[in-house]
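Observations on chain architecture
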Amino acid sequence: MEALRKLYKQWKGEAPVQTERLAGAGSNREYYRMTDGEGQSVIGCIGTSRDENHAFVCLTKHFTRRQLPVPQILAVSNDELRYLQTDLGDQSLFDALRVGREAGGRYTQQERALLVKTIRELPNIQMRGARGLDWSCCYPQPEFDQDSVLFDLNYFKYCFLKATGLDFHELKLEANFRMLAKDLTAETCDAFLYRDFQARNVMLVDGEPRFIDYQGGRKGPFYYDLASFLWQASAKYPDKLRRDLIGEYYDSLKNYTEVPSERHFKARLDLFVLFRTLQVLGAYGFRGYFERKRHFIDSIPPAMDNMRNLLKNSTVDAYPYLKEVLSNMCQLPQFAPQKVVMPKRADGYKTTESNVYKPHPQDGPATFSKYDGTGPLVVRVFSFSYRKGIPEDESGNGGGYVFDCRSTHNPGRYEPYKQLTGLDEPVIRFLEDDGEITIFLQSVYRLADAHVERYLQRGFTSLMFSFGCTGGQHRSVYSAQHLAEHIHEKYGIEVRICHREQGINQVLK
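Residues numbered from 1 in each chain as written. Predicted model: local features only at pLDDT ≥ 70, side-chain atom pairs only at ≥ 80, totals over all residues. Heavy atoms only, no water.

1. Side note on helix α11 (residues 294-310)
For clarity, the threshold we go by: The helix count covers DSSP runs of H or I at least four residues long, the strand count covers runs of E at least two residues long, and both are numbered beginning at the N terminus. What a helix should span is 1.5 Å times the count of its residues minus one. By definition, residues are in contact when any of their heavy atoms lie within 4.5 Å.
Here α11 spans 25 Å end to end across 17 residues, near enough to the 24 Å set by a 1.5 Å rise per residue. Contacts from the buried residues of α11 go to α6 (146-161), α9 (239-253), α10 (262-290) and α12 (320-330).

See below:
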């Protein structure tokens, strides 16, 4: 961290007035917003891989020369483990699409307009970005080839498929993998393959898309990025919206290169959708099953829904044993689709197939102002820093419970834990070995259970719990996450988690 501040001072001529760590995702890279006395900010990055950083810096400088919508590199350390870039703000496309995503794919016209704008800009990055690019700077390899395809397919096999416990014939599966790898690389393409093109990696500046996190890019087919974006598991894009966006992309691509026929384009895209779905399941398996990162575990069910839909497509018929394995995998009990039957009530409101929420006789008939398909009650759980105030209650119900975690042992006092949060395994071990937090939560659980059960009986729609500590980073995050998972597991209702100071939001359904 001090080395990053030193780099800032060398570039700016003075140390930053404020340095704020930004919430990370799946990467091991650390990002900081560094602000001067006039409120002007830049983003500082600390990476663990010199080659990965070199690739990002090299690609960004090239894209800047090509006048593409990416951040600018401001300064790079001699060892290339740290660099500064322009600040593109806080709003990602992923954030801007929240309403439609949480509505199960019912996107607003404004959200659709942002998607169209983004997807039409993708060929600009892919085709103009490839012109004059020194591919040798790409990391970990310069080109999409059969070896890289087989690596990702085996990543799926070892990190996801084997973890399911499904029995399969490895040699037969390997033979189909090789057939798929050969088909995927059958056509040469001089485009820039972004590789991790998703809504989280698109920032919005005055409503215009700007692109980040392309350091894994290489020369390759443009279909890959389109499949990566439109079949992102958590996005839940409806089929019609997907078709519309494919049409927008195809129309935009014509401005940069000669395009194949629509029929050929669709057939090739379907092939890459299959490959990309296998690839992301491998990533979810590793990050979720092995690293125990909740975001990736939660992404598995929608990814399996994508896989079930793919198996209805004739594309996978060319790989019969792979299709057999995937079909068997989709039928495993842990991946069974959860279908909720919601017939209409006489008064027009939706209700569950069976009346699991029995009202108290003195309460009279329950009236629901909201219904989300899993029950009338939605629980919201927050972690926060007391320095920044107690979270506001947007529902208008008064804010619910607020628990003070500051009486428990604080791991933030010790250097090894200062850059971690209550979601990280070392902090979890510290708190649970110490034991104070678990005793504290036992009382919270009893109180919360009684309240949730009463709210379910009475048909109430909203309940809020907030946990505060000094910085909103360790104890409050641990407590909020554990209460949320406890309620969701015990009652099966929707729980929305907001780790406010960490910028992390999650929905348990």
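2. Here's the deal with the pairing of strand β3 (residues 41-46)
Selection rule: Remark: exposure states derive from per-residue accessible area (1.4 Å probe, protein chains only) relative to the maximum for the residue type, with buried under 20%, exposed over 50%, and partly exposed in between. Two strands qualify as a pair provided that DSSP identifies no fewer than 2 bridges between them.
A large share of β3 lies buried, amounting to 5 of its 6 residues. Bridge count between strand β2 (residues 30-35) and β3: 6 bridges; the pairing is antiparallel. Within β3, the position partnered with M34 by the bridge is V42. The hairpin turn running from β2 into β3, its antiparallel successor, is 5 residues long, and G39 in that turn takes a positive phi close to 85°. For β3 and strand β5 (residues 82-86), the ladder comprises 5 bridges, and the chain directions are antiparallel. Counted as the bridge partner of V42 is T86 from β5.

3. Describing the sheet that holds strand β4 (residues 73-76)
Sheet strands pair via backbone hydrogen bonds, and the direction of the pair is either parallel or antiparallel. Applied cut-off: Lines fitted to C-alpha atoms define the axes, with helix axes restricted to the stretch in contact, and inter-axis angles between N-to-C directions lie between 0 and 180 degrees.
Reading across from one edge, β1-β2-β3-β5-β4 is the order of the 5 strands in this open sheet, with antiparallel pairing throughout. At either end of the open sheet lies a strand with only one pairing partner, and these are β1 (18-21) and β4. Neighbouring strand axes in the sheet, compared pairwise and without regard to direction, differ in orientation by 25° on average. With respect to the sheet, helix α1 (residues 2-12) is in contact with β1, β2, β3, β4 and β5, its orientation differing from that of β5 by roughly 55°.

4. Section: the packing of helix α14 (residues 436-458) against helix α15 (residues 475-491)
So the rule is basically this: Angle categories are assigned with fixed cut-offs, so that under 35 degrees is roughly parallel, over 145 is roughly antiparallel, 65 to 115 is roughly perpendicular, and the rest are oblique. Two helices that cross are described as forming a left-handed crossing if the nearer one is turned anticlockwise from the farther one by less than a right angle, and a right-handed crossing if clockwise. Residues were grouped as follows: Ala, Val, Leu, Ile, Met, Phe, Trp, Tyr, Cys and Pro as nonpolar; Asp, Glu, Lys and Arg as charged; and all remaining residues, including Gly, as polar.
Closest axis-to-axis distance for the α14/α15 pair is 10 Å, and the angle between their directions is 40°. The orientation of α14 with respect to α15, classified from their angle, is oblique. You can see that α14 and α15 cross each other, and the crossing is right-handed. Along the contact surface, α14 presents I437, T438, F440, L441, V444, Y445, A448, D449, V452, E453 and L456, while α15 presents R475, Y478, S479, H482, L483, H486, I487, K490 and Y491. Taken together, the residues that form the contact of α14 with α15 break down as 12 nonpolar, 4 polar and 4 charged.

5. Notes on empty space enclosed by the protein
What counts is decided by this rule: Cavities and pockets were defined on a 1 Å grid built over protein atoms only: a cavity is a set of grid points that admits a 1.4 Å probe from which the probe cannot escape, a pocket is an open set flanked by protein on both sides within 12 Å along at least five of seven lines, and lining residues are those with an atom within 4 Å of any such point. Grid points are joined across faces, edges and corners, and a volume is the space filled by probe spheres set on the points.
Per the counting criterion, the structure on display carries 3 cavities of 30 Å³ or more. When its volume is computed, the largest cavity comes out at roughly 70 Å³. Forming the boundary of the largest cavity are S228, W231, Q232, A233, R276, T277, V280, Y284, A303 and N306. For the lining of the largest cavity, the secondary structure elements donating two or more residues are α10 and α11. No other element matches α10, which puts 4 residues into the lining of the largest cavity. Taken together, the residues of the lining of the largest cavity break down into 5 nonpolar, 4 polar and 1 charged. Reported here for the second largest cavity is a volume of approximately 60 Å³.

6. Side note on the nonpolar core
For soluble globular proteins, nonpolar side chains are generally found buried alongside one another. Here is the rule we go by: Here the nonpolar core consists of buried residues drawn from Ala, Val, Leu, Ile, Met, Phe, Trp, Tyr and Cys, with membership extended through side-chain atoms lying within 4.5 Å.
Formed by 97 residues in total, the largest nonpolar core has its most connected members in F192, F265 and M329. Sorting elements by how many residues they give to this core places α10 first, with 11 residues. In this structure, F265 is in contact with F222, Y223, L226, I246, Y249, Y250, L253 and P260, ignoring residues within four places of it in sequence. Counting residues in each nonpolar core, the second largest holds 33 residues, with V381, V427, A448 and L463 among its members.

7. Remarks on the environment of G468
Topologically, G468 is positioned in strand β12 (residues 462-469). A sequence separation of 81 residues divides G468 from R387, and the C-alpha atoms of the two residues are 9.3 Å apart. If we skip the residues at most four places from it in the chain, G468 touches F384, Y386, F403, D404, C405, R406 and S476.

8. Brief notes about the environment of R112
Mapped onto the fold, R112 is located in helix α5 (residues 109-128). Judged by relative accessible area, which is 24%, R112 ranks as partly exposed. Through-space distance from the C-alpha of R112 to that of I428 is 40 Å; in sequence the pair is 316 residues apart. Those residues in contact with R112 that lie beyond four places of it in its chain are Y107, L241 and D244.

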